[in-house]
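# Notes for the structure review
Residue-level listing of the chains:
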Amino acid sequence: MSGTFTTSTARNIFFGGTIFFALVFLALTFQNEQIIPQRDQRAQLAANPSIAAGKKVWENNQCIGCHTLFGEGAYFAPELGNVYKRRGPEFIKAWIAAQPTHTPGRRQMPQFNLTDKQLDDLVAFFKYVSEINTNNWPPNIEG
Amino acid sequence: MQYQSQAVAKYYFVGAIGLFVAQILFGLIMGLQYVIGDFLFPEIPFNVARMVHTNALIVWLLMGFMGSAYYLIPEESETELYSPKLAVAMFWIFLVAAAATVAGYLLVPYAGLAKMTGNDLWPTMGREFLEQPTITKLGIVVVALAFLFNLTMTMLKGRKTAISLVLMIGLWGLSIFFLFSFYNPDNIVKDKFFWWWTVHLWVEGVWELILGAILAFVLIKVTGVDREVIEKWLYVIITLTLITGIIGTGHHYYWIGTPEYWQWWGSIFSALEPIPFFAMTLFAFNMVNRRRREHPNKAATLWALGTGVMSFLGAGVWGFLHTLSPVNYYTHGTQITAAHGHMAFYGAYVMVVLTMISYAMPLMRGRAANSNKAQVMEMWSFWLMTVSIVFITLFLTAAGILQIWLQRVAAVPMSFMDTQAQLSLFYWLREGAGVIFLIGLVVYIVSFFCKGETAKA
Ligand code: HEM
Ligand SMILES: [Fe+2]
């Protein structure tokens, strides 16, 4: 590196460059906030308190520790962002209530002892997420 | 060791290695559950093992960063630590909080833990990597504030170098971005959007500053190359990191309900993220080639070079592999992601912490370097762990390609569970590589107890 490129020049480029790109990122974030209302089903979320309650059930039982939701989470068990479309509400409730399968050697899902209300909330949550515009992801119904 | 108070780092390093062992043991349990699905069920369900595995990793890396900073800042500032007592007290608080949280994961069902810790008052739990009860998160903030206060005061009363400035910016950034873990809106799109401000802006942002600063510090010590040269490299690397990595966050905004334009911004900027990692590789090799002294600690030099290479492979190459949105459409949330996560975390952050431990631990134990015998053993552990991680990554990549093919590309897509059954050969091989990793870790720990002739520090 040449003599004119001093440590303090390097430092100034670092601060200048970082601040510039951080501001661009903030501008993109701002624009993101403007656009997502058309995609994130917030009207449904506001109208139906079951959805937020379902998200709490989802979180309080740490379903994300085995499953993915929109491809994020753990890769041990099926994608659930589209499970409402893949399986429908009745299957989902019956499935959760029937766990574990105890099939020898097969991956197991615990019994969470959820109430009927909690199951309904979860289903409302799964319906809501399945209708969010995810740019056509996943590639097919299997997730 | 030039300042007595640097010795507080030892607590953190020992604690870090202890949690490292826990991380690997639980990793092996999960690896087995991948192929023998009901192994240890219902005692340790997969999600519980995974929380222990990932949280232990994060906490031990944080401990490693803290220990490194407690060692590095006094030496760079040429003064004693502002308050060694505070540093030791914070270590115990951190360790007890971490142990209590892990005990909570293992002993009570998660929903019970959420209830006991009042998650409904301020729900932050149940999201990947941020599973800790809200009260644990608050504890982490307290420990981080005390830590930042202690080091900032130390730096203010002493010499201010580029290395310590960069390290402190990284550590402040780490704490600030952690605050996003307290934001958990009902709207899942916003929840996910800002979740990445903690996760991505950590590993592809501020943590890289910490990585660069620690590497620069150790390279100055083991090579004797001029500080000015090293500091310029450091600034160039972290500039590249942040101008690519901040907008690179967009590579997580393709499929979570956020607008299409992120596919352009995310793909273009994140495709440039390997550049700073490559610069890091060049940096490490260049400095070692231009060395002005033969430092007796060969093992530390090996770890430093290893960090340069493996962070580029894991983050740079395996990151690039799936970062363009048309590719990510197929790879998203598969074993490809897992493959990348493993090599990136190991190659960058595990290795840089082990580099610092390798350099500083002998000095804190009163010698310039460990005996030849101990170093040979440590180098064996380096190769065992590093080669195992490479194989874990390769096996998971093979599993991922097959998974994508069967489940997402084939004319008649297979279900998730049927696909998983087809991958079991690769999962078995991965588990085998994991066992070798554990052996490497045992050799690593034994190397600390290996005697032999040493030169005084
Ligand atoms: C040392 C630095 C890095 C670490 C520790 C790291 C770690 C990780 C981890 C753990 C995940 C999985 C997150 C989850 O659970 O959802 C992930 C995802 C991802 N990383 Fe990295 N990463 C690093 C650098 C990079 C770089 C430089 C790139 C791009 C060139 C990259 C590209 C990606 C992408 C595209 C994903 C999303 C994968 C998906 O769609 O499922 N990473 N990273
Ligand atoms: Fe990322």
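The structure contained in this document is the topic of the report that follows. Predicted model, so just to flag it, every value in this text is computed and none were measured.

Thresholds applied
- Residues numbered from 1 in each chain as written.
- Chains lettered and ligands numbered in written order.
- Predicted model: local features only at pLDDT ≥ 70, side-chain atom pairs only at ≥ 80, totals over all residues.
- Heavy atoms only, no water.
- Contact = heavy atoms within 4.5 Å.
- Buried area = accessible area lost by both parts, 1.4 Å probe.
- Salt bridge = Lys/Arg side-chain N within 4 Å of Asp/Glu carboxyl O.
- Polar contact = N/O pair within 3.5 Å; in protein donor to acceptor, adjacent residues only side chain to side chain.
- Helix = DSSP H or I, 4+ residues; strand = E, 2+ residues; numbered from the N terminus.
- Core = buried A, V, L, I, M, F, W, Y, C linked by side-chain atoms within 4.5 Å.
- Buried < 20%, exposed > 50% of the residue type's maximum accessible area, 1.4 Å probe, protein only.
- Domains from an automatic or database assignment.
- Phe/Tyr/Trp six-rings, centres within 6.5 Å; stacked < 30°, edge-to-face > 60°.
- Lys NZ or Arg CZ within 6 Å of the ring centre and 35° of its normal.

## Some points on the interface of chain A and chain B
With 72 residues of chain A in contact, the opposing surface of chain B contributes 83 residues. Carbon and sulfur atoms supply 64% of the area buried between chain A and chain B, which totals about 6,700 Å² over both sides. Summed over the shared surface of chain A and chain B, the number is five salt bridges. We note a salt bridge from Glu-72 of chain A to Lys-192 of chain B, for which the minimum N-O separation is 3.1 Å. At the boundary of chain A and chain B, one finds 36 residue pairs in polar contact (both at pLDDT 80 or more). The greatest single-element share of the side of chain A that touches chain B, amounting to 19 residues, is contributed by helix α1 (residues 7-35) of chain A.

## Focus on the nonpolar core
Phe-126 of chain A together with Trp-60, Phe-65, Leu-171 and Trp-207 of chain B are the most contacted members of the largest nonpolar core, which has 189 residues in total. When residues of this core are sorted by domain, at least three fall in each of domain 1 (1-39) and domain 2 (41-143) of chain A.

## Digging into the packing of aromatic side chains
Enumeration according to the criterion identifies 61 aromatic pairs over all chains in this entry. Pairing Phe-76 of chain A with Tyr-34 of chain B gives two aromatic rings, centres 5.6 Å apart and planes at 65°, and the pair type is edge-to-face. Placement of Phe-76 of chain A in the loop between β2 (72-73) and α4 (83-87) and of Tyr-34 of chain B in helix α1 (residues 9-35) is noted, with the two residues assigned to different chains. Of the two residues, Phe-76 of chain A and Tyr-34 of chain B, neither departs from the other in class, the shared state being buried. Aromatic pair Tyr-346 of chain B and Phe-437 of chain B: ring centres 5.8 Å apart, planes at 80°, arrangement edge-to-face. One end of the pair, Tyr-346 of chain B, is in helix α13 (residues 335-364); the other, Phe-437 of chain B, is in helix α16 (residues 424-447), and 91 residues separate them in sequence. Phe-437 of chain B matches Tyr-346 of chain B in its accessibility class, with the two residues each being buried. Taken together, the ring pairs in this structure connect Phe-25 of chain A together with Phe-177, Phe-180, Tyr-183, Phe-193, Phe-194, Trp-197, Tyr-253, Tyr-261 and Trp-262 of chain B into an aromatic cluster. The aromatic ring of Tyr-34 of chain B is capped on one face by Arg-107 of chain A, whose charged end is 4.5 Å from the ring centroid. Above the plane of the ring of Tyr-34 of chain B lies Arg-430 of chain B, whose end atom (NZ or CZ) is 5.1 Å from the centre.

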